[in-house]
Amino acid sequence: MKTYIITGGAGFIGANFVKYMLATYHDVQLIVLDALTYAGNLGTIVHDVDGKCCIFVKGDICDSSLVTGLFEKYPVEVVVNFAAESHVDRSIENPRLFLETNILGTQNLMDVARKFWAVGKDDKGYPTWKEGVRFHQVSTDEVYGSLGATGYFTETTPLDPRSPYSASKTSADLIVKAYMETYKFPATITRCSNNYGPYHFPEKLIPLIIKNILEGKKLPVYGDGKNVRDWLYVEDHCKAIDQVVRFGRAGEVYNVGGHNEKQNIEIVKLTIDTIRHLMETEPAYRKVLKTDLSNISYDLITYVKDRLGHDQRYAIDPTKMKNELNWAPETSFETGIVKTIRWYLENQNWVDEVTSGDYQKYYEKMYSNR
Ligand code: NAD
Ligand code: TYD
């Protein structure tokens, strides 16, 4: 039995990871540590799959005594750090919180792990580590900055973050890398492109567009809609992280991406087309519509003021994942987007629950002046 702490397991990717791990393994104990910010919700935590459970602990990754208490109570061998402030637009409004959680939280987790996992010193004075332990940092391709029309991010592309969010994630990566060098701390980093799938909070492009279409609300497209993101179905990301944690080499960075580049406007149009098609061919779905079916059209698209410092294009070269760990994405965008939309149509109560707090206030603040 291997014990994992999964931070941020009540958020989008963390929850999908918990689900994947419970569905895949019998011999893991998963402790979810999550502060339940606006982005983390009790309704998102996957407590059990086929009778297998995770343990949920509400708390902040910056809280040293709380994290220490978890290491004292459980024989933790793996930490997978998903917890973060994750939305670029919010980071433009309030950078400080991003620096606290994303940088100091990561450092705090590593410091506690260091204390519990070090077993001695080698002849040069480097710590030696308990067999089988691993710290995994879930990072992003946004640390590489922005691409022009051509080229891909590889693991050796210079770090060039542009937003407060990506700068905080880059700083966290640098701290992890510093610990790898200074203490030979057994860590790995994955840098992934944009994810989509179930449990995605409706402040990010795809779930926000789905929600607005169902309500007949305008679809805010920033700038000219031609910015490109490289989309990956979240379960493929979860499989990649699992591979890296189990078989990746400590001290290494791995890029994870789907070779699925799309302009934002293409995504918005495809989402409109798919929802309309599902409504027409499977009328049972119409019960979740809060508008007339005839309103679901490209007329909903509204070009709005661009995001400040909007990165033009992200595109990942995942060759290292393929060559070293035999990982490749399994879900095409065309399949994944239909699965995702169906999930939202069938889980409107989840959407209602996670948007029942300050969501409306947030939405008005972010979009009323655009
Ligand atoms: P999310 O915003 O959906 O979830 C983040 C979770 O972290 C929430 O449950 C929140 O409650 C929790 N959290 C926030 N601050 C915390 C704190 N101080 N202590 C404990 N928990 C805290 O984010 P996500 O989209 O699931 O992203 C997960 C990770 O993956 C992040 O590190 C993000 O940078 C990275 N990432 C995301 C994407 C993407 O497309 N979503 C792509 C690449 C990398
Ligand atoms: P987002 O989902 O916020 O992810 P990220 O900024 O981390 O890539 O945004 C994806 C793309 O969609 C990005 O280019 C910004 C754009 N976008 C819109 O055009 N309208 C929106 O309402 C949102 C939230 C994003």
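Residues numbered from 1 in each chain as written. Chains lettered and ligands numbered in written order. Predicted model: local features only at pLDDT ≥ 70, side-chain atom pairs only at ≥ 80, totals over all residues. Heavy atoms only, no water.

## What to know about the overall build of the protein chain
In terms of regular secondary structure, the protein chain is built from 12 helices and 16 strands. On C-alpha atoms alone, the protein chain measures out to a radius of gyration of 21 Å, which is about the 21 Å that the 2.2 N^0.38 rule sets for 370 residues. Counting only C-alpha atoms, the protein chain reaches 70 × 45 × 40 Å along its principal axes. Across the protein chain, every contact between residues at least 6 apart in sequence was considered, and the portion connecting residues at least 24 apart equals 82%. Summed over its atoms, the accessible surface of the protein chain is roughly 15,500 Å², and 50% of this surface lies on carbon and sulfur atoms. Between the averaged position of the 43 positive side-chain charges in the protein chain and that of its 48 negative side-chain charges there is a distance of 1 Å. (Helix = DSSP H or I, 4+ residues; strand = E, 2+ residues; numbered from the N terminus. Rg over C-alpha atoms; globule rule 2.2 N^0.38 Å. Contact = heavy atoms within 4.5 Å. Areas by Shrake-Rupley, 256 points an atom, 1.4 Å probe, with all protein chains shown as cover. Lys, Arg positive; Asp, Glu negative; His and termini not counted. Charge placed at Lys NZ, Arg CZ, Asp CG, Glu CD.)

## Some details on the packing of aromatic side chains
Overall, the coordinates contain 25 aromatic pairs when judged by the stated rule. Pairing Phe98 with Tyr165 gives two aromatic rings, centres 6.4 Å apart and planes at 85°, and the pair type is edge-to-face. One end of the pair, Phe98, is in helix 4 (residues 95–117); the other, Tyr165, is in helix 5 (residues 164–182), with 67 residues separating them in the sequence. The burial state of Phe98 is the same as that of Tyr165; both residues are buried. When the ring of Tyr196 is compared with that of Trp231, the centres are 6.3 Å apart and the planes differ by 75°; the resulting orientation is edge-to-face. With a gap of 35 residues between them, Tyr196 in strand 10 (residues 195–196) and Trp231 in the loop between strand 12 (228–230) and strand 13 (232–233) connect regions that are remote in the sequence. Each residue in the set Phe71, Phe116, Trp117, Trp129, Phe135, Tyr179, Tyr183 and Phe185 is aromatic and connected to the rest through ring pairs, giving one cluster. Looking at Lys320, its charged tip hangs above the ring of Tyr254, at a distance of 4.8 Å from the centre. Across the ring face of Tyr222, the terminal group of Arg370 is positioned such that the distance to the ring centre comes to 4.0 Å. (Phe/Tyr/Trp six-rings, centres within 6.5 Å; stacked < 30°, edge-to-face > 60°. Buried < 20%, exposed > 50% of the residue type's maximum accessible area, 1.4 Å probe, protein only. Lys NZ or Arg CZ within 6 Å of the ring centre and 35° of its normal.)

## Some words on the packing of helix 6 (residues 205–215) against helix 8 (residues 264–281)
Relative to each other, helix 6 and helix 8 sit at 45°, their axes nearing to 10 Å. With respect to each other, helix 6 and helix 8 are oriented oblique. As for how helix 6 packs across helix 8, the hand of that crossing is right-handed. Seen from helix 6, the contacting residues are Leu205, Ile206, Ile209, Ile210, Ile213 and Leu214; seen from helix 8, they are Asn264, Ile267, Val268, Thr271, Ile272, Ile275 and Met279. (Axes fitted to C-alpha atoms, helices over the stretch in contact; angles between N-to-C directions. Parallel < 35°, antiparallel > 145°, perpendicular 65-115°, else oblique. Left-handed = near helix turned anticlockwise from the far one by under 90°.)

## Looking at the site of ligand 1
Near ligand 1, the surroundings consist of 28 residues, among which Ile13, Asp34, Ser86, Tyr165 and Lys169 are the closest. Interatomic distance of 3.1 Å between a backbone N/O atom of Phe12 and an oxygen atom of ligand 1. With respect to ligand 1, the backbone of Asn195 contributes an N or O atom lying 2.8 Å from an oxygen atom. Protein chains bury 96% of the 840 Å² of accessible surface belonging to ligand 1 in isolation. Contributions of two or more residues to the shell around ligand 1 are made by helix 1 (12–24), strand 8 (134–140) and helix 5. (Near = heavy atom within 4 Å. Polar contact = N/O pair within 3.5 Å; in protein donor to acceptor, adjacent residues only side chain to side chain.)

## As for the packing of helix 2 (residues 64–73) against helix 4
Across the interface, helix 2 lies against helix 4 with an axial gap of 10 Å and an inter-helix angle of 35°. The handedness of the crossing between helix 2 and helix 4 is right-handed. Contacts from Ser64, Val67, Thr68, Phe71 and Glu72 in helix 2 reach Asn108, Leu109, Val112, Ala113, Lys115, Phe116 and Trp117 in helix 4. Here the contact of helix 2 with helix 4 is composed, by residue class, of seven nonpolar, three polar and two charged. (Nonpolar A, V, L, I, M, F, W, Y, C, P; charged D, E, K, R; others polar.)

## Side note on the site of ligand 2
Around ligand 2, 18 residues are found, and the nearest of them are Glu142, Pro220, Arg229, Arg307 and His310. A distance of 2.5 Å is found between an oxygen atom of ligand 2 and a side-chain nitrogen or oxygen belonging to Arg307. Taking 520 Å² as the accessible area of ligand 2 by itself, protein coverage stands at 97%. For the shell around ligand 2, the secondary-structure elements that each account for two or more residues are helix 6 and strand 11 (219–222). Considered class by class, the residues forming the shell around ligand 2 number eight nonpolar, five polar and five charged.

## Description of the pattern of salt bridges
Taken as a whole and judged by the stated rule, the model has 23 salt bridges. Across the pair Glu93 and Lys365 runs a salt bridge, and its minimum N-O distance is 3.5 Å. With Glu93 in helix 3 (residues 88–93) and Lys365 in helix 12 (residues 359–367), this residue pair connects regions lying 272 residues apart in the sequence. By relative accessible area, which is 47% here, Glu93 ends up partly exposed. The shortest N-O distance in the salt bridge between Asp173 and Arg191 comes to 2.8 Å. One end of the pair, Asp173, is in helix 5; the other, Arg191, is in strand 9 (residues 187–192), and 18 residues separate them in sequence. (Salt bridge = Lys/Arg side-chain N within 4 Å of Asp/Glu carboxyl O.)

## Regarding the sheet that holds strand 4 (residues 52–58)
Backbone hydrogen bonds hold the strands of a sheet together, and the pairing may be parallel or antiparallel. Read across the open sheet, the eight strands follow the order 3-4-2-1-5-8-9-14; overall the sheet is mixed. Where the open sheet ends on each side, the last strands, each with one partner, are strand 3 (48–49) and strand 14 (253–256). Where strand 5 (residues 76–81) meets strand 8, four bridges bridge the pair, whose relative direction is parallel. Looking across to strand 8, one finds that Val80 is bridged to His136. (Pairing = 2+ DSSP bridges.)

Note that every value here comes from positions in space, so none of it alone points to a role or purpose.
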